[in-house]
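Listed here are the chains, written in short residue letters.
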Amino acid sequence: MRTHIEGGWVVAFNGKGHEVYEAGSVVFEDDRIVHAGPAYSGPTDTRIAAHGKLVSPGFINTHVHTAGNAGDYLLLDMARNDYRTSNYMSFAAPLRGKLTPPSSQAVAAIRAFVFLHALKNGTTTIIDVGGLRGDWDGYARLVDELGVRVYGSPPFRDRDTFMDARGRLTYDEDVAIGRERLQEAIGFVKRFDKTAGGRLRGMLNAAQVETCTERLLREGRDAARELDVPIHTHAGGNLIEFQRIMGEYRTTPIRFLADIGFLDDRTLIGHGVFRAGHPWTGHPFGDDIRVMAERGATLGHCPYKYAKMAMTLQSFQRYLDAGVTISLGTDTFPLDIVSELRWASILAKTTDGNYQAGQHRDVFNAATLGGCRFIRRDDLGRLTPGAKADILLIDLDHIGSGMYVDPIKALVDAASGRDVRTVIVDGTVLVDDGRLTRVDEAEIYAKAREATRHSWSNVPGWRWDGAGVEQIIPPAFPLHRAH
Ligand SMILES: [Zn+2]
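The shown structure was predicted, so the numbers you read here are calculated from the model rather than taken from an experiment.

A. Summary view of the coordination of the zinc ion. With distances of 2.0 to 2.1 Å, the protein atoms coordinating the zinc ion are His63 (NE2), His65 (NE2) and His234 (NE2). Mapped onto the polypeptide sequence, the residues donating to the zinc ion form the spacing pattern H-x1-H-x168-H.

As structure tokens, then:
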């Protein structure tokens, strides 16, 4: 069946870069685009009106965690003053043996919520860099049923993090568990890669550079090459990690990964903020940016989350100019990839003190083409004949938006994920006029909320100090609940 998306601002790919056509057309047949650009007059079976809308390639979100938002919620208001640059470790490390895994229903509810929340906000390719464990058949079934496009597999590490009774972070090494988890990930890829009509793809996730031993990182890299899939790890994500790697290997996390052969054009590095030369590291020599560029690794830049922790990449423009492939990710809630475009652009400007940094075209490229290199896909992140029909219709013409000359600038400067009206993945309309077509939204949300509240209520049971969520994150104003 041929579908004609008619009359919008079409972002078409010319083989080298994006171009925009006013009153353009996109035509797709089944899962592939057959036309993108000027108005189309050939025969089609059905049409979607797109006047006043940006017809954009779907965004590739390279940092999604399919986990409960308990952790991320705490992170957004992190209050601990002794782990202020430690990212997830300040809140997510439990007392040893005290954290009970959520039920399989809770896992499924949260996964469904994460996938659909990302989708509704404009993500058409979800790079799952690690979430809740267990029921991998259920995970694959969910991807199949929901229609989303996902790269993922169970994350592995052989050093788990815990707090001791006094709230000090400790690492427990267990090489056998790391191996077992890597085997589980390999099994997942072998079993599920290219299932769900080709929408579920395998990639490996070495959890964090400092929570994996060098041996496990090497074994993970070898396995990824053997399986011919990409590999991700978090590196340069916080100062504790940076200092631990410096202490263990006498080199920066990025340089260390390059030295052990982990970094190449199939590698995605989550964050890469703390590197040689970043002023907070106190390590003013070496050139990690050049190393990343030379090895062809992709950076998963999550500007909003880092800004909330008073950190930022130094800088988007500097990495870009050095030739680093930059992609965008959301990491924490909301998984609003449209807003990340604005954050990436604005933070690039303020970080460099240069309003010509972080240009609209560069952040748009990061959210589309930037995420394609490490997954080796030249049929995603672009609208061109032969590419996958992963398409967004984003409403720019409404009173809550604004007046504009250039729709890409309007998108970056003023839009958010809630302006995404239509989402098409693999030629199937999954969001139509702002509503999910395959599921009951309210039911998905209610189930995920229940699972999340349950996990929040369990926090005092595993926290080193027994604190509850409202003690860890005091409300903005005195809050009188209805009970
Ligand atoms: Zn992450």
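B. Structural detail: the nonpolar core. With 104 residues, the main nonpolar core has Phe59, Leu204 and Leu257 as its most contacted residues. Take this core: its biggest share by element is 10 residues, from helix α3 (residues 104-120). Among residues more than four places away in sequence, those in contact with Leu257 are Val209, Leu217, Thr233, Ala235, Phe262, Leu263 and Ile269. Counting residues in hydrophobic clusters, the runner-up holds 16 residues, among them Ile5, Ala12, Ala36 and Ala387.

C. Molecular detail of the packing of aromatic side chains. In this structure the tally under the stated criterion is 12 aromatic pairs. When the centroid spacing of 5.1 Å and the interplanar angle of 50 degrees are considered together, the rings of Tyr304 and Trp343 count as tilted. One end of the pair, Tyr304, is in helix α10 (residues 303-308); the other, Trp343, is in helix α12 (residues 337-352), with 39 residues separating them in the sequence. Note on Tyr304: relative accessible area 17%, which makes it buried. Aromatic ring contacts, followed pair by pair, group Phe115, Trp136, Tyr139, Phe188 and Phe192 into a single cluster. A cation sits over an aromatic face here: Arg111 above Trp136, 4.7 Å from the ring centre. One residue, Arg382, lies across the ring of Phe13, its end atom 4.9 Å from the ring centre.

D. Molecular detail of the side chain of Glu210. Along the chain, Glu210 falls in the loop between β12 (204-208) and α6 (214-227). Within the local environment of Glu210, its side chain forms a polar contact with the side chain of Tyr171, the two groups lying 3.1 Å apart.

E. Quick peek at the side chain of His4. With respect to the element layout, His4 can be found in strand β1 (residues 2-13). Taking the relative accessible area as the measure of exposure, His4 reaches 5% and is therefore buried. Within the structure, His4 has its side chain in polar contact with the side chain of Ser25 (distance 2.7 Å). Non-local contacts of His4, meaning those with residues more than four positions away in its chain, are made with Ser25, Val26, Val27, Tyr40, Thr44, Thr46, Arg47 and Ile48.

Criteria and thresholds
Residues numbered from 1 in each chain as written. Predicted model: local features only at pLDDT ≥ 70, side-chain atom pairs only at ≥ 80, totals over all residues. Heavy atoms only, no water. Donors = N, O, S within 2.8 Å, 3.2 Å for Na, K, Ca; no water. Core = buried A, V, L, I, M, F, W, Y, C linked by side-chain atoms within 4.5 Å. Buried < 20%, exposed > 50% of the residue type's maximum accessible area, 1.4 Å probe, protein only. Helix = DSSP H or I, 4+ residues; strand = E, 2+ residues; numbered from the N terminus. Contact = heavy atoms within 4.5 Å. Phe/Tyr/Trp six-rings, centres within 6.5 Å; stacked < 30°, edge-to-face > 60°. Lys NZ or Arg CZ within 6 Å of the ring centre and 35° of its normal. Polar contact = N/O pair within 3.5 Å; in protein donor to acceptor, adjacent residues only side chain to side chain.

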